Amino acid sequence: MSEERTSRPEWADDGKMFATSYVKGNDRAHLAKENRSVKRKERSVEEYVAGVLNHDRTILAQAITLIESNAAKHTEKAQRILHELLPYVGRSIRIGITGVPGAGKSTFIEAFGQFLCEKGHRVAVLAVDPSSSITGGSILGDKTRMEHLARHPRAFIRPSPSGGTLGGVHRKTRETMLLCEAAGYDVILVETVGVGQSEVAVRGMVDFFLLLALTGAGDELQGMKKGMMELVDAIVINKADGDNKKKAEVAKEEYNQILHYLRHATKGWETKAYTCSSLYGEGIEQIWEVIEQFVQTTKQSGVFEERRREQMKDWLHAMIKDYLHNRFFHHPVVQQQLPAIEQEVMAGKQPVTMAAEQLIRLYEQM
């Protein structure tokens, strides 16, 4: 190693042989590494707002992390950011997508999202992953399943844990959606975890709700709740390709026969079934045309804005319920008395109604 590139350690005696040397410049690299390990300076509210409005995806992701945090200091900051961004929200089309496991939701969303991006839209995908009821962990695999869409410069994918709530979509997904709108994403796709009541929660925050189904409609209809079919604005039979194509057409007709006798989800709009192949991109354009027609029809009738106003009112009520629920169960008197009262109820020594009234009285007296 040349003399220019190496140097003896400062503590080595002059004139003595030394077995090791170090390359000049490595000390600077070490210092740089140390500097990177220093805790990142927290952004101000103004920096977050400016970054979101300037379509900075890194800052948008960091702002969403604030929204998802349960820490009190993060919640306060996140609410200030949202307040500043309110004038820039509400300009997107919000689409909810649900379906039974195996219906191909991720494949459909990737094909649909890429189609929209190529048409000039900016697409945000909020994929709500189920959290474990035991550990609280979640897989968060949607971004890896949509690898092509994730790389598109006009797309933004945010997998978020549901946190064990019904769909995990009450506060955090709603507020994440608002941040994405402020960042200029004009189509928001919300994928549900597909576990019963989560669909009801998503229906309460989107404009258009789409159900992905498979062929074999006879068996499918047997297990499908009437209430679920009355929530959606369109049913799409996916994987309509190859030998499955004819079966998909038969399924479409069966669904349309059933839908004809059900109450429609949106006033002035008739819910119908369609077919598509996410794998080959067939039928994707037709589905977007249906959604555009839906938006045009409901805006002309006033139903579009009326639904959004009702959704904001419902969100307010949901927030109040969540606040009161948390305040009640975190109250020290309730925490102290609850285990004993639970034991009495489970042992059959006290009716549930009486036990609930007892706890509420204890809470109200403090």
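Residues numbered from 1 in each chain as written. Predicted model: local features only at pLDDT ≥ 70, side-chain atom pairs only at ≥ 80, totals over all residues. Heavy atoms only, no water.

- If you check an unreviewed UniProt entry, the protein chain appears there as Putative GTPase from Anoxybacillus ayderensis.

**Points about the pattern of salt bridges**
- With the rule as written, the count across this model stands at 9 salt bridges.
- Of the charged contacts in the structure, one is a salt bridge between D233 and R203, with a shortest N-O distance of 2.9 Å. Of this pair, D233 sits in the loop between α11 (226–229) and β8 (234–237) while R203 sits in helix α9 (residues 198–203), and the two are 30 residues apart along the sequence.
- Among the residues examined, D233 registers a relative accessible area of 0% and is labelled buried. (Salt bridge = Lys/Arg side-chain N within 4 Å of Asp/Glu carboxyl O. Helix = DSSP H or I, 4+ residues; strand = E, 2+ residues; numbered from the N terminus. Buried < 20%, exposed > 50% of the residue type's maximum accessible area, 1.4 Å probe, protein only.)

**Digging into the nonpolar core**
- Counting residues in each nonpolar core, the largest one holds 47 residues, and the members touching the most others are L60, I81, L179, C180, Y185, I188 and I235.
- Broken down by element, the residue count for this core peaks at 6 residues, all from helix α3 (residues 57–68).
- A domain split of this core shows at least three residues from each of domain 1 (44–88) and domain 2 (90–313).
- What C180 contacts, discounting residues up to four positions off in sequence, is L60, I64, A124, L126, F156, Y185 and I188.
- Listed in part, the 35 residues of the second largest apolar core include I97, F112, M146 and F294. (Core = buried A, V, L, I, M, F, W, Y, C linked by side-chain atoms within 4.5 Å. Domains from an automatic or database assignment. Contact = heavy atoms within 4.5 Å.)

**Regarding the packing of helix α13 (residues 284–301) against helix α14 (residues 303–329)**
- Between α13 and α14, the least distance of the axes is 5 Å, while the angle of their chain directions is 85 degrees. In terms of orientation, α13 and α14 fall into the roughly perpendicular class. Side by side, α13 and α14 meet where F294, V295, T298, K299 and S301 of the first sit next to V303, F304 and R307 of the second.
- Class assignment of the residues belonging to the contact of α13 with α14 gives a composition of 4 nonpolar, 2 polar and 2 charged. (Axes fitted to C-alpha atoms, helices over the stretch in contact; angles between N-to-C directions. Parallel < 35°, antiparallel > 145°, perpendicular 65-115°, else oblique. Nonpolar A, V, L, I, M, F, W, Y, C, P; charged D, E, K, R; others polar.)

**With respect to the layout of surface pockets**
- Considering only enclosed or pocket space, the second largest pocket measures out at about 460 Å³ in volume.
- Along the walls of the second largest pocket sit 21 residues, with R203, G204, E310, Q311 and D314 positioned nearest its centre.
- Listed by contribution, the elements that provide at least two residues to the lining of the second largest pocket are α9 and α14.
- Take the lining of the second largest pocket: its biggest share by element is 10 residues, from α14.
- When the residues that make up the lining of the second largest pocket are grouped by side-chain class, the tally is 7 nonpolar, 5 polar and 9 charged. (1 Å grid on protein atoms, 1.4 Å probe; cavity = no way out; pocket = protein on both sides within 12 Å on 5 of 7 lines; lining within 4 Å. Points joined across faces, edges and corners; volume = space filled by probe spheres on them.)

**Remarks on the packing of aromatic side chains**
- Using the criterion set out here, one finds 7 aromatic pairs in the structure.
- Here the aromatic rings of F208 and F294 are separated by 5.0 Å at their centres, their planes lie at 80 degrees, and the arrangement is edge-to-face. On the criterion of sequence distance, the pair formed by F208 in strand β7 (residues 208–213) and F294 in helix α13 is long-range, its members being 86 residues apart. Take F208 and F294: they sit in the same class, and that class is buried.
- Through pairs of rings, three or more aromatic residues link up here, namely F108, F112 and W288.
- We note R122 situated over the ring of Y185; from NZ or CZ to the ring centre the distance is 4.1 Å.
- Sitting over the ring of F304, K299 keeps its end group 5.0 Å from the ring centre. (Phe/Tyr/Trp six-rings, centres within 6.5 Å; stacked < 30°, edge-to-face > 60°. Lys NZ or Arg CZ within 6 Å of the ring centre and 35° of its normal.)

**Structural notes on helix α2 (residues 45–53)**
- Here α2 has its buried residues at V45, Y48, V49, G51 and V52. Axial view of α2: buried residues confined to an arc of 165 degrees, hence all on one face.
- On its buried side, α2 packs onto α3, α4 (72–85) and α8 (172–182). (Arc of directions from axis to C-beta.)

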